[in-house]
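Descriptive structure summary
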Amino acid sequence: MANYLITGGAGFIGSHLVQALLDRGDQVRVLDNFETGLRKNLEPILDRIDLHEVSLTDADAVLRACEGIDFIFHEGALPSVPRSVKEPRPSHAINIDGTFHLLEGARQSGARRVVYAASSSAYGNQPGFPRVETMAPQPLSPYAVQKLTGELYMQAYHRVYGLETVCLRYFNIFGARQVPDSPYSGVMARFALMMMRGERPTIFGDGEQGRDFTHIDNVVLANLLAVEAPAEKVAGRVFNIACGERHTLNQTYALLATLTGFPHPPLYGPARDGDVRDSLADITAAREALGYAPQVGFEEGLRRTVAWYRDEFAG
Ligand SMILES: NC(=O)c1ccc[n+]([C@@H]2O[C@H](COP(=O)([O-])OP(=O)(O)OC[C@H]3O[C@@H](n4cnc5c(N)ncnc54)[C@H](O)[C@@H]3O)[C@@H](O)[C@H]2O)c1
């Protein structure tokens, strides 16, 4: 049994990781200030976790949260491109300074490994699909720069201090608990909820932009593999975590409309600043080094997600 710290453990991805670790009997500490994460994600398990309700921007509090910890999943962030465009300063403080505090905490407390939630936004709009980890990053938005800076810090802490760090570049994750009703919500969650409420979603751009949508269960699996893989295979490295399939927003809209019984076509609006046009991952590296293979496909993931939103938001 090992001791785990999950930053952002009240959030969409973090709370699924917390649950997966508790299910296997691990000790779990959560660091979160509920900036975008929800208390209800932790309520059923509050008596089984050690909750540190502090901010990643508080270096001393982050260090305390790292004490006695073996493994860290660093999910905490302000995870939104448009929010980083509108308000770059807070997302810089949380995503870059917060990640630095976390690494310092990990180093000073002697943690063994940090698995970092990196982002496919690092690739930007450069030509060449699928995206391979060896491509030079071309971040477009403040958010993309911040998440990439976190990767560089992770790699530097491995090279300089020997801390085992593993960066997982997530590609458009979706599933239960993704917040659907914030102006910064991911497209899949927002569309599903609006359709269930009988409202017509707007697609920004022509809808032919593609995404490598990845169900949350695949991400949890990738994280568990990343923490267990031999250091010589994964430490200091970056891995795409996705399905290796491209689905356009128009296709996604059509499937969601079928699953929710929504009869109307989408509205279209202007493309948004900082959004990447396409995303499609090569997942060979994760396959080879982590033994990762996606377990839940796009359509099955959509079905599960719509079912969850229906239960959660019925009436
Ligand atoms: N969802 C995706 O498609 C996706 C894609 C690429 C990368 N990521 C990364 O995955 C991670 C998790 O994202 P998510 O989708 O679960 O988002 P989320 O908003 O649900 O989770 C982020 C968590 O971080 C917490 N947090 C924010 N600011 C904090 C602070 N100052 N101190 C402590 N905690 C703070 C929030 O309260 C929340 O619980 C993020 O690092 C994000 O950048 C997500």
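Residues numbered from 1 in each chain as written. Predicted model: local features only at pLDDT ≥ 70, side-chain atom pairs only at ≥ 80, totals over all residues. Heavy atoms only, no water.

As for the site of the ligand
Close to the ligand lie 28 residues, the nearest being Phe12, Asp32, Thr36, Tyr143 and Lys147. One of the backbone nitrogen or oxygen atoms of Ile13 is found 2.8 Å away from an oxygen atom of the ligand. With the chains in place, 92% of the 820 Å² that the ligand exposes on its own is no longer accessible. Broken down by element, the residue count for the shell around the ligand peaks at three residues, all from strand β5 (residues 113-119). Among the residues forming the shell around the ligand, the class breakdown is 15 nonpolar, nine polar and four charged. (Near = heavy atom within 4 Å. Polar contact = N/O pair within 3.5 Å; in protein donor to acceptor, adjacent residues only side chain to side chain. Areas by Shrake-Rupley, 256 points an atom, 1.4 Å probe, with all protein chains shown as cover. Helix = DSSP H or I, 4+ residues; strand = E, 2+ residues; numbered from the N terminus. Nonpolar A, V, L, I, M, F, W, Y, C, P; charged D, E, K, R; others polar.)

So, the pairing of β5
β5 sits mainly inside the fold: seven of its seven residues count as buried. In β5, alternate side chains face the same way, and those of Arg113, Val115, Ala117 and Ser119 on one face and Val114, Tyr116 and Ala118 on the other are all buried. With seven bridges connecting them, β5 and strand β6 (residues 164-170) associate as parallel partners. Looking at the pairing, Ala117 lines up with Leu168 of β6. Since β5 and β6 lie parallel, the crossover through helix α5 (residues 142-161) that links them has a hand, and here it is right-handed. (Buried < 20%, exposed > 50% of the residue type's maximum accessible area, 1.4 Å probe, protein only. Pairing = 2+ DSSP bridges. Right-handed = clockwise from strand over helix to strand, strands pointing away.)

Points about the environment of Arg64
Within the secondary structure layout, Arg64 lies in helix α2 (residues 59-66). A sequence separation of 41 residues divides Arg64 from Gly105, and the C-alpha atoms of the two residues are 7.6 Å apart.

With respect to the nonpolar core
With 47 residues, the main nonpolar core has Phe73, Leu168, Phe239 and Leu290 as its most contacted residues. Excluding its chain neighbours within four sequence positions, the residues that come into contact with Leu168 are Val115, Tyr116, Ala117, Ala118, Ser119, Ala222, Asn223, Ala226, Phe239, Ile241 and Leu290. Judged by nonpolar contacts, the second largest core, of 22 residues, contains Val62, Ile94, Leu103 and Ala106. (Core = buried A, V, L, I, M, F, W, Y, C linked by side-chain atoms within 4.5 Å. Contact = heavy atoms within 4.5 Å.)

Structural notes on the sheet that holds β6
Strand order across the open sheet formed by seven strands is β3-β2-β1-β4-β5-β6-β11, with parallel pairing between neighbours. Taken across any chain shown, the strands that pair with only one partner, and hence form the sheet edges, are β3 (49-52) and β11 (237-241). If you compare each strand with its neighbour and ignore which way they point, the axes differ by 20° on average. Relative to β3, strand β2 (residues 27-31) is paired through four bridges, and the arrangement is parallel. (Axes fitted to C-alpha atoms, helices over the stretch in contact; angles between N-to-C directions.)

Everything listed is a geometric property; what it means functionally is a separate question.
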